[in-house]
Amino acid sequence: MALDSITEQIAHFVGTFELTTEQARWRDFYEEFTALRKKAELEGLEDPARINVKANLKMDPGDYGPVPYKFGLAQDDVPPPTENSGLIDGADGSPGPAIGPDAILPEDAPGFSSFVQMNILLEPEYITELIGSAVTYTVQKIHLIDNDVVGEGDFRDVEALMAQADALQSAALSLHAISTPSIHIQDYQSGEAVEQLIEQMQSPINLEIEGVTVHQFHGDDASGIIVNGEYVDEIPDFLELLPEHHKEDLEDEDAEDELAEALPAEWDQSEDPEFEDGHSVVAGGNYAVNEVAISVGWVDAPNIVVGGQAINLTAVSQVAVVSDVDQGAPGVQSDTHVVQSSNIATEANEASWVEHNVSDNPDQDPIVMIDWISGDLLVTNFIEQLIDATDIDHINTEISASSTAYTLGDNDMANVTNIIQLGSYYDVIIIGGDMVSIDVVNQTIVLLDNDVIHGASPTDAEDNLVMNQVSLTTEGEDTHEELSDNLASTVSLQEVDTDALEDALLNDPMFAGTEVVRVLKIEGDLLQINVIDQVTMLQDDDDVYVENSSGEGVSALGAGNALLNSANVTKMGIDSVVMAQEGEYSDVMLHQASLIDSPEEENAELVNEAIAMLLEDVDGPGNSENAPGQSNLTSSEAAAIDDGLQSMLA
């Protein structure tokens, strides 16, 4: 049974007393134990408190007199050093002093004998780690359905809107100049994918549809900074162009971070902020970002010998399709800024070690070190990023509270990939097959922001931002020269022919006077491939009907969306002289296509006709039965999968 309070206090006191007594008893045991252990350690000493170190340091001066020392010429009877076959040619094998400069020791000196010191120079040993292939596959997908419903009203059909978005996305993919390249390595090893890409770049898709704006650049014209088909001096900054809604969020985050650093942790009240006065409805304000950053510096050399062809292809295709037609009182129409930027650049970068790789002895042959790869060397990155978001919000409500906030949108989505590949530099790379370098970036953005707003006024953050951004930087310029007969004989050599390869390099005037020649011999092909496919689709078609009995204004954010596809590829290398036996081929192409359906556009009627023409080849709006990727759900089933409404009333 339970104890009364007085009995419980007594029991607690008794328990504490027993624990204290036990602790004191064990302390006595421990002190006795430590004393016995120390006594055992000191038993071998005469006096534990005193330590004597015995050492007989007295020496007999008669046995160890001073060593005679005088300068003199080398004696003739000193035998010359025996020849050592392990020495490098030119190594110094002459006799050297034993003690002091030219010291001559008497033969009768106690403890010494006549000897000759030899300076032996061993061959330096270079240890390198053989570079293998580097292959990455990255697939990132975000699917979001955030269709909120508040109240009842004459809303647009959700299924018909989603079917229209699917059809418009299919139409946007058809606006690319090239199809998405293969991600199967076998297609590149066989050359099929390379030939297909060359054919498509030579004959890209040229759309002649009124309302579709297309800009294409080839060769040197595609280099530099190009924004929406025009050359500019500076790349636009996504963060500077953000809608005001997201800029405010960034400023609030910075302010919270500063406040968190200045105040103690227990003062953090960020999870329960003070509710702001007024009435607001946020049905847009979505943030969707696909971002890729690749830095590759796997293998490179100032001299590259290719037995086949040297092929370099760069293709960038950017497509943006926007439908932004709002209905309601004057001023509800939002603006959408479309930015498509490309920066393709090549920078010079000399091999810094070449000027220091000079032998001190011009007559001495260089040291040749060879890394062998029997097959193909692959350095490939295949990246696919997809954001498919649906934010169709329907609200019909009457506001009677003193302050109200409805948050129906404001979703943040991001796919981020960062790849760094670092390898080794060589003095010469010899490739038995082809050297293929391919960089392809396909970027697609589709935004549908067709809002119906009644009873609310749009905020100042109504602008949308749609941005495709590509930066391809190559460090190291390639120049092409004819292949000499001597180096041409090395492309077919295999690892069993190592001696023949060394003789060919030692007899080549290109490497005369060098100290070390580091060689990478690839018996197959060298394939360096970066393929990036980014698709961002956001449907933000909102129906907002608000009645406020108090007469106060209600602010509504139906737009304020920010969409970004960003790809940054940096190929770190050095200036190279490429000598290809079957010649070289290179091509660069930039394709920018945009289709914007907005009342603010000058060619709004042409855009409507262009959309209708593109949708003829795909399922039209409202036909969800055959729409790509569309699920056939009833209205009740679709409502069952919608997420809960995030709102706050006060």
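Criteria and thresholds
Residues numbered from 1 in each chain as written. Predicted model: local features only at pLDDT ≥ 70, side-chain atom pairs only at ≥ 80, totals over all residues. Heavy atoms only, no water. Helix = DSSP H or I, 4+ residues; strand = E, 2+ residues; numbered from the N terminus. Buried < 20%, exposed > 50% of the residue type's maximum accessible area, 1.4 Å probe, protein only. Areas by Shrake-Rupley, 256 points an atom, 1.4 Å probe, with all protein chains shown as cover. Phe/Tyr/Trp six-rings, centres within 6.5 Å; stacked < 30°, edge-to-face > 60°. Contact = heavy atoms within 4.5 Å. Polar contact = N/O pair within 3.5 Å; in protein donor to acceptor, adjacent residues only side chain to side chain. Core = buried A, V, L, I, M, F, W, Y, C linked by side-chain atoms within 4.5 Å. Pairing = 2+ DSSP bridges. Salt bridge = Lys/Arg side-chain N within 4 Å of Asp/Glu carboxyl O. pLDDT = per-residue confidence, 0-100.

Engineer: Looking at this model, I keep getting lost on the overall build of the protein chain. Mind explaining?
Structural biologist: Scanning the protein chain from terminus to terminus reveals 10 helices and 32 strands. Within the span of the protein chain, comprising 650 residues, buried residues form 42% of the whole. When the accessible surface of the protein chain is summed, it comes to about 36,100 Å², and 50% of that surface belongs to carbon and sulfur atoms.

Engineer: What is the right way to look at the packing of aromatic side chains in this model?
Structural biologist: In this description, an aromatic ring pair is defined by two values, namely the gap between the centres and the angle between the planes. Applying the stated criterion across every chain yields a total of 6 aromatic pairs. When the ring of Phe-217 is compared with that of Tyr-231, the centres are 5.8 Å apart and the planes differ by 70°; the resulting orientation is edge-to-face. Taken together, the residues span a long stretch of sequence, with Phe-217 in strand β5 (residues 213–218) and Tyr-231 in strand β7 (residues 230–231) at a distance of 14 residues. Residue classification places Phe-217 among the buried residues on the basis of a relative accessible area of 11%. Aromatic pair Trp-353 and Tyr-425: ring centres 5.5 Å apart, planes at 20°, arrangement stacked. Taken as a pair, Trp-353 in the loop between β13 (336–347) and β14 (367–373) and Tyr-425 in strand β18 (residues 412–425) lie far apart in primary sequence, 72 residues in all. Each residue in the set Tyr-137, Tyr-188 and Phe-382 is aromatic and connected to the rest through ring pairs, giving one cluster.

Engineer: When you look at the environment of Asp-543 in this model, what are you seeing that I'm missing?
Structural biologist: As for its placement among the helices and strands, Asp-543 is situated in strand β27 (residues 543–548). Sequence separation between Asp-543 and Asp-451 is 92 residues, and the spatial gap between their C-alpha atoms is 6.0 Å. Contacts of Asp-543, omitting those with residues within four sequence positions, involve Phe-155, Arg-156, Asp-393, His-394, Ile-395 and Val-452. In terms of polar contacts, Asp-543 uses its side chain to reach the side chain of Arg-156, at 2.8 Å.

Engineer: Even after reading the chapter, I still don't get the nonpolar core, so can you show me in this structure?
Structural biologist: Among the nonpolar cores identified, the biggest contains 37 residues, and Val-299 and Ile-429 are the most heavily contacted of them. Residue contributions to this core peak at 5 residues, all from strand β9 (residues 287–300). Ignoring any residue separated from it by four or fewer positions in sequence, one finds Val-299 in contact with Ile-131, Leu-377, Ser-424, Tyr-426, Ile-429, Leu-520, Leu-526 and Gln-528.

Engineer: I'm lost on the sheet that holds strand β16 (residues 394–399) in this one. Help?
Structural biologist: Note: strands within a sheet are paired through backbone hydrogen bonds, in either parallel or antiparallel orientation. Taken together, the 5 strands give an open sheet; going across it, the order is β4-β16-β27-β21-β12, and neighbouring strands pair in parallel fashion. Looking at which strands have only one partner, the edges of the open sheet turn out to be β4 (149–150) and β12 (327–328). Inspection of the sheet shows strand β21 (residues 452–454) paired to β27 by 3 bridges, in the parallel sense. Its bridge partner lying in β27, Ile-453 is registered against Val-544.

Engineer: Looking at this structure, I do not really get the pattern of salt bridges. What am I missing?
Structural biologist: Side chains bearing opposite charge may pair, as long as their charged atoms lie close to each other. Counting across every chain of the model gives 3 salt bridges. A salt bridge links Asp-543 to Arg-156; the shortest N-O distance between them is 2.8 Å. Taken together, the residues Asp-543 in strand β27 and Arg-156 in the loop between β4 and α2 (158–173) connect sequence positions 387 residues apart. The class for Asp-543 is buried, based on a relative accessible area of 1%. Taking the relative accessible area as the measure of exposure, Arg-156 reaches 25% and is therefore partly exposed. Close ionic contact of Lys-571 with Asp-439 constitutes a salt bridge, the shortest N to O distance being 2.7 Å. A residue pair is termed long-range when its members are at least 10 positions apart, and Lys-571 in strand β29 (residues 562–572) and Asp-439 in strand β20 (residues 435–448) qualify at 132 residues.

Engineer: What exactly am I supposed to notice about the sheet that holds strand β23 (residues 464–475) here?
Structural biologist: If you trace the 7 strands from one edge of the open sheet to the other, you get β7-β6-β13-β23-β29-β9-β18, paired in mixed fashion. Strands with a single pairing partner mark the edges of an open sheet, and in this sheet they are β7 and β18. Of the pairings in the sheet, the one linking β9 to β29 comprises 10 bridges and is parallel in character. The residue bridging Val-289 from the neighbouring strand is Leu-564, located in β29.

Engineer: Explanation requested: the pairing of β16 in the structure shown.
Structural biologist: Regular strands show a simple pattern: their side chains alternate between the two faces of the sheet. The pairing of β4 with β16 spans 2 bridges and is classified as parallel. Within the sheet, the bridge partner assigned to Val-150 lies in β16 and is Ile-395. Pairing geometry for β16 and β27, over 6 bridges, is parallel. Bridge pairing in β27 links Ile-395 to Val-544.

Engineer: How should I be thinking about the confidence of the model for the protein chain in this particular structure?
Structural biologist: Any region with low pLDDT has predicted coordinates that should not be read closely. Residues at a pLDDT of 70 or more form 72% of the protein chain, whose mean pLDDT is 79. Segment residues 80–124 is flagged for pLDDT under 50; beyond a separation of four residues in sequence, or across chains, it makes 45 contacts in the model. Low pLDDT (under 50) marks residues 618–650, which in the prediction has 57 contacts with non-local residues, meaning those over four places away or in another chain.

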